[in-house]
Amino acid sequence: EDYQQLTREQVLSGCHVHVGIDDPEDAIQVMNRVRPWLPVVLALSASSPFWLGEVTGYRSYRNRLWQRWPTAGMPGPFANRAEYDSLVEALLGSGSIDKPARIYWDVRPSNKFDTIEFRVADACSDIDDSVLAAALVRAISQTCYRELKAGEKGMQIRDEMLRSAIWRAARYGDTERLIDPGRQGLVPAYELVFSLLEALRPVLEDRNEWDEVRELVTQVRSRGTGAARQLAEYRRTGRLQDVVDLIVRETAPGRVA
């Protein structure tokens, strides 16, 4: 009743990853710190190049459609948990949302679990792509948590620049330059990806995940994201049915050993 056409067009799927953090104050501070790296997660998980039977020109058109919701997108930083709770109460009191779960940010504290919920990634048709997104999100969270506890200053990036970084990731995926959140300029996509991996390496090695995550990144680079694979199939045959058949093959039972 409230959202009308937005609801009728709500045929989108995403990959939500929950990372457990018990302390609500720590959860807010980690959420502040992970924001600059989420465009990379989006770029590597991009898997929605079509909409209403048309090639959109975007690698993650889902991301662009999702931004239409009044509480979607990347949240700004919060000073503490009290500031976050106050905003939630204001959104409820103003009728902007009817419950906290209606906050649709790319990353948010879960209202059900002691977790941060990451919602930026596309739903991936291949399980390896989903595993990569989950592994990156967890490693980013743990790295930011360690930096928080060590008293290190988090990376600063203006909300306007971060919105642009998300847009470029949705538009181009891993095929063009992306915005480096440190230098706040354009760099080749995989220069930024491997820069992120090096920052995450201590955590990934501690979890015995370094080799696997690096291999999964290399795999995406060589065969393309879900969006790239779908577009390649469409260019090959010119038939959307063949794209659907490709997705079915990638998600079919028996692909996982």
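Attention here is on the structure that accompanies the text. (Residues numbered from 1 in each chain as written. Predicted model: local features only at pLDDT ≥ 70, side-chain atom pairs only at ≥ 80, totals over all residues. Heavy atoms only, no water.)

1. Re the side chain of Thr 71
Part 1 of the reasoning: Along the polypeptide, Thr 71 turns up in the loop between α4 (61-66) and β4 (72-73).
Part 2 of the reasoning: The buried category is assigned to Thr 71, whose relative accessible area is 6%.
Part 3 of the reasoning: Of note is the side chain of Thr 71, whose polar atom sits 2.7 Å from the backbone oxygen of Arg 102. (Helix = DSSP H or I, 4+ residues; strand = E, 2+ residues; numbered from the N terminus. Buried < 20%, exposed > 50% of the residue type's maximum accessible area, 1.4 Å probe, protein only. Polar contact = N/O pair within 3.5 Å; in protein donor to acceptor, adjacent residues only side chain to side chain.)

2. Some words on the layout of surface pockets
Part 1 of the reasoning: Of the voids in this model, the largest pocket is the one considered here, and its volume is about 490 Å³.
Part 2 of the reasoning: Contributing elements (two or more residues each) for the lining of the largest pocket: β2 (50-51), α4 and α11 (240-251).
Part 3 of the reasoning: Looking at the lining of the largest pocket, the element that brings in the most residues is α11, giving 4 residues. (1 Å grid on protein atoms, 1.4 Å probe; cavity = no way out; pocket = protein on both sides within 12 Å on 5 of 7 lines; lining within 4 Å. Points joined across faces, edges and corners; volume = space filled by probe spheres on them.)

3. So, the packing of helix α3 (residues 38-45) against helix α7 (residues 159-172)
Part 1 of the reasoning: Contact geometry of α3 with α7 gives a least axis separation of 8 Å together with a crossing angle of 10 degrees. It follows from the interaxial angle that α3 and α7 lie roughly parallel. Seen from α3, the contacting residues are Leu 38, Pro 39, Leu 42 and Ala 43; seen from α7, they are Leu 162, Ala 165, Ile 166, Ala 169 and Ala 170.
Part 2 of the reasoning: Looking at the contact of α3 with α7 residue by residue, the class counts come to 9 nonpolar, no polar and no charged. (Axes fitted to C-alpha atoms, helices over the stretch in contact; angles between N-to-C directions. Parallel < 35°, antiparallel > 145°, perpendicular 65-115°, else oblique. Contact = heavy atoms within 4.5 Å. Nonpolar A, V, L, I, M, F, W, Y, C, P; charged D, E, K, R; others polar.)

4. Considering the sheet that holds strand β1 (residues 14-20)
Part 1 of the reasoning: In spatial order, the strands read β1-β7-β6; together these 3 strands make up an open sheet with antiparallel pairing. Each having just a single partner strand, β1 and β6 (107-109) make up the two edges of the open sheet. Each strand axis lies, on average, 25 degrees off the axis of its neighbour in the sheet, ignoring direction.
Part 2 of the reasoning: Here β6 pairs with strand β7 (residues 115-122) via 3 bridges, running antiparallel. Opposite Pro 109, over in β7, you have Ile 116 as the bridge partner.
Part 3 of the reasoning: Strand contacts of helix α6 (residues 127-149): β1 and β7, with the helix running at about 35 degrees to β1, the strand carrying the most contacts. (Pairing = 2+ DSSP bridges.)

5. Some points on the pattern of salt bridges
Part 1 of the reasoning: Here the structure, examined in full by the defined rule, presents 22 salt bridges.
Part 2 of the reasoning: The structure contains a network of salt bridges with shared partners spanning Asp 126, Asp 129, Arg 223, Arg 229 and Glu 250. (Salt bridge = Lys/Arg side-chain N within 4 Å of Asp/Glu carboxyl O.)

6. Some points on empty space enclosed by the protein
Part 1 of the reasoning: According to the stated counting rule, one finds 1 cavity of 30 Å³ or more in the structure shown.
Part 2 of the reasoning: If you add up the space inside the largest cavity, you get close to 30 Å³.
Part 3 of the reasoning: What lines the largest cavity is simply Val 40, Val 41, Leu 44, Ser 45, Asp 129, Leu 132, Ala 133 and Leu 136.
Part 4 of the reasoning: Every element with two or more residues in the lining of the largest cavity is listed here: α3 and α6.
Part 5 of the reasoning: Grouping the amino acids of the lining of the largest cavity by side-chain chemistry returns 6 nonpolar, 1 polar and 1 charged.

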